[in-house]
Amino acid sequence: MRTPRRILVVRTDRLGDVVLATPLVRALRVTFPDAFIGVLVQPYTRDVLMHNPRIDEILVDDAHGEHKGRRGFWQQVSMLRTRKFDTALLLLPTERAAWMLFFAGIPRRIGVGTKLYGVLTFMQGVSRHKYIPLRHEADYCMDLGRRIGVRSDDLRPEVFITDEERLAAKKLLSNAGVEENDTIIGLHADSGNSSPSWEIARYGELAEYIARRTPETVKLVFTDNATAAPLPRSRRIVNLRGKLPLRELMGVLSWLRLLVSSNTGPMHIAAGLQVPTISLFCPLPACSATLWGPKGNDARILLPPDGFCQSRCAGDPKKCRLEELTVEQAATAVLESITNVTA
């Protein structure tokens with residue numbers, strides 16, 4: 001098999017999915033240290049890859065904006081042709097990307113599964129075998145790298161922020177009332193309807209519950225975009241909702257003692273920054289922590305009681321509000337995680 005010299009990794013979906021592609025990118029750099037490695041993503045996920053030393057170029061496909069329609073498609077094909085990639089790994093199978101890589105003349109193209117457009121574009125396929133046995137998404141991504149010679153099982157995601165970004169985030173927190181020696185617990189209540197999650201108000205209840213049972217030095221910082229949802233009034237509860245561009249959010253996350261959320265992109269960013277997480281998950285296979293859980297950090301998964309989802313699932317995980325997972329359960333997990341800090 002020919003050693004790849006110019007590799008393109010394509011992951012044009014959500015923020016967390018892009019973070020979970022970083023173990024593959026690292027493995028490609030280790031396996032092919034002299035190769036040029038590019039990554040093609042959506043515009044809103046681009047910034048999560050900034051300052052990643054494994055990547056030579058971050059490319060953007062704005063399929064619903066700048067690059068929409070035929071003209072935008074062929075602009076992208078032309079752009080890829082100029083890069084002269086010899087290998088493309090398509091981690092998210094989409095017809096647009098498959099044809100784009102085909103017309104860009106990339107000789108070796110590897111995707112996931114067997115789709116009609118994959119057959120028509122002569123793309124090699126890596127099977128997920130109907131997710132049996134169920135593995136982690138980062139491991140399935142690594143399978144495409146294994147097809148070209150990668151031999152890694154290291155699934156730790158990684159994201160990178162600068163010292164300047166860390167200092168800017170510290171100043172932002174200070175201006176919001178967080179003091180130098182405070183223990184900062186982050187709460188990210190908005191899942192973007194991408195996964196089962198509590199009603200937004202329950203995160204406010206959780207913050208109140210924790211505030212009543214912890215010292216004044218514990219601050220609870222909301223980092224999501226649920227700007228229409230009111231928060232409890234307390235100087236211990238810091239509202240940064242809707243105020244944080246992605247790089248600023250990453251900086252704030254880097255200062256947390258703990259992040260509480262459902263299965264979200266910020267959860268995976270926190271894992272990539274080695275920040276501990278407590279995550280609310282659905283146990284059903286398509287949504288489970290086995291497939292989508294945080295990797296590489298101190299992570300605790302909270303699940304509804306056994307049998308709840310199997311007996312009462314509405315059939316649409318995006319509508320699930322994890323009602324049987326209580327505020328008290330989540331608060332207990334938080335208090336246990338920070339006991340050594342607040343004692």
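Structure first, text after, so check above.
Here is what the cut-offs are and how they apply
Residues numbered from 1 in each chain as written. Predicted model: local features only at pLDDT ≥ 70, side-chain atom pairs only at ≥ 80, totals over all residues. Heavy atoms only, no water. Pairing = 2+ DSSP bridges. Helix = DSSP H or I, 4+ residues; strand = E, 2+ residues; numbered from the N terminus. Axes fitted to C-alpha atoms, helices over the stretch in contact; angles between N-to-C directions. Buried < 20%, exposed > 50% of the residue type's maximum accessible area, 1.4 Å probe, protein only. Right-handed = clockwise from strand over helix to strand, strands pointing away. Contact = heavy atoms within 4.5 Å. Phe/Tyr/Trp six-rings, centres within 6.5 Å; stacked < 30°, edge-to-face > 60°. Lys NZ or Arg CZ within 6 Å of the ring centre and 35° of its normal. Parallel < 35°, antiparallel > 145°, perpendicular 65-115°, else oblique. Patch = residues over 30% accessible without salt bridge, like charges linked within 9 Å, V, L, I, M, F, W, Y side chains within 5 Å. Areas by Shrake-Rupley, 256 points an atom, 1.4 Å probe, with all protein chains shown as cover. Salt bridge = Lys/Arg side-chain N within 4 Å of Asp/Glu carboxyl O. Disulfide = S-S within 2.5 Å. Left-handed = near helix turned anticlockwise from the far one by under 90°.

## Considering the sheet that holds strand β5 (residues 108-112)
Taken in spatial order, the six strands make up an open sheet running β3-β2-β1-β4-β5-β6, and their pairing is parallel. Whereas interior strands pair on both sides, the edge strands pair on one side only; in this sheet they are β3 (57-60) and β6 (124-126). Pairs of neighbouring strands in the sheet enclose a mean axial angle of 20°, with direction left out of account. As paired strands, β5 and β6 are joined by three bridges and run parallel to one another.

## Considering the pairing of strand β11 (residues 277-280)
Alternating positions in β11 separate into two faces, T277 and S279 on one and I278 and L280 on the other, with burial throughout. One ladder, built from four bridges, connects strand β10 (residues 258-262) with β11; its direction is parallel. Each bridged residue has a counterpart across the sheet, and for L259 the counterpart in β11 is T277. On the question of chirality, the crossover connecting β10 to the parallel β11 by way of helix α10 (residues 265-272) is right-handed. Two elements, β11 and strand β12 (residues 299-302), share four bridges in a ladder whose sense is parallel. For S279, the partnering residue across the bridge sits in β12 and is I301.

## As for the sheet that holds β10
In sheet architecture, strand pairing relies on hydrogen bonds along the backbone and comes in two forms, parallel and antiparallel. The parallel open sheet is built from six strands, whose spatial order is β9-β8-β7-β10-β11-β12. Single-partner strands in this sheet number two, and they are β9 (237-239) and β12. If you compare each strand with its neighbour and ignore which way they point, the axes differ by 20° on average. In this structure, strand β7 (residues 183-188) lies alongside β10, joined through four bridges in parallel fashion. Bridge pairing links G186 to L259 in β10. Lying on the sheet, helix α8 (residues 200-212) is in contact with β7, β8 (218-222), β9, β10 and β11; it crosses β8 at an angle near 170°. Lying on the sheet, α10 is in contact with β7, β10 and β11; it crosses β10 at an angle near 150°.

## Focus: the packing of aromatic side chains
Geometry of an aromatic ring pair is reported as the spacing of the ring centres plus the angle between the planes. Applying the stated criterion across every chain, the model contains nine aromatic pairs. Measuring from centroid to centroid gives 5.0 Å for W74 and F103, while their planes differ by 55°, and the two rings are tilted. One end of the pair, W74, is in helix α3 (residues 69-83); the other, F103, is in helix α4 (residues 95-103), and 29 residues separate them in sequence. Residue classification places W74 among the partly exposed residues on the basis of a relative accessible area of 44%. The interplanar angle of 70° and the centroid separation of 5.2 Å between the aromatic rings of W198 and Y203 together place this pair among those described as edge-to-face. A single burial state applies to W198 and to Y203, both of which are buried. Positioned over the ring face of F36 is R6, at 4.1 Å from the centre of the ring. Sitting over the face of the ring of Y209, R213 holds its NZ or CZ atom 3.6 Å from the ring centroid.

## Describing the packing of helix α7 (residues 163-175) against helix α9 (residues 246-253)
Between α7 and α9, the shortest axis-to-axis distance is 8 Å and the interhelical angle comes to 80°. Put simply, α7 runs roughly perpendicular to α9. Between α7 and α9, the residues in contact are E165, A169, L172 and L173 and R247, E248, G251 and V252, respectively.

## Observations regarding α9
Within α9, seven of the eight residues are buried, which leaves it mostly tucked inside the rest of the structure. Of the residues making up α9, those classed as buried are L246, R247, L249, M250, G251, V252 and L253. Where α9 is buried, its residues meet α1 (15-19), α7, β10 and α10.

## Remarks on a nonpolar patch on the surface
The grouping of L116, V119 and L120 at the surface amounts to a nonpolar patch, some 310 Å² of accessible area in total. The residue L116 is located in helix α5 (residues 116-120) in this model.

## Focus on the state of the cysteines
Counted according to the given criterion, the structure contains zero disulfides. Counting only cysteine sulfurs, C287 is the nearest neighbor of C141, a cysteine outside any disulfide, at a range of 17 Å. For C141, a relative accessible area of 1% puts it in the buried group.

## Considerations on the packing of α9 against α10
Where α9 contacts α10, the axes come no closer than 10 Å and their chain directions differ by 55°. One way to sum up the angle between α9 and α10 is to call them oblique. The interaxial crossing formed by α9 with α10 has right-handed handedness. On the side of α9, the interface is formed by L246, L249, M250 and L253, while α10 contributes P266, I269 and A270.

## Description of the side chain of H136
By the secondary structure assignment, H136 is in the loop between β6 and α6 (137-146). Of the residues examined, H136 reaches a relative accessible area of 5% and is grouped as buried. Setting aside residues up to four positions removed in sequence, H136 forms contacts with L20, L155, A289, T290, L291, W292, G293 and K295.

## What to know about the environment of L49
The topology assignment puts L49 in the loop between β2 (36-41) and β3. What makes L49 buried here is its relative accessible area of 3%. With 27 residues separating them in the primary sequence, L49 and T22 have C-alpha atoms 8.4 Å apart. Those residues in contact with L49 that lie beyond four places of it in its chain are V18, T22, V39, V41, I55 and I58.

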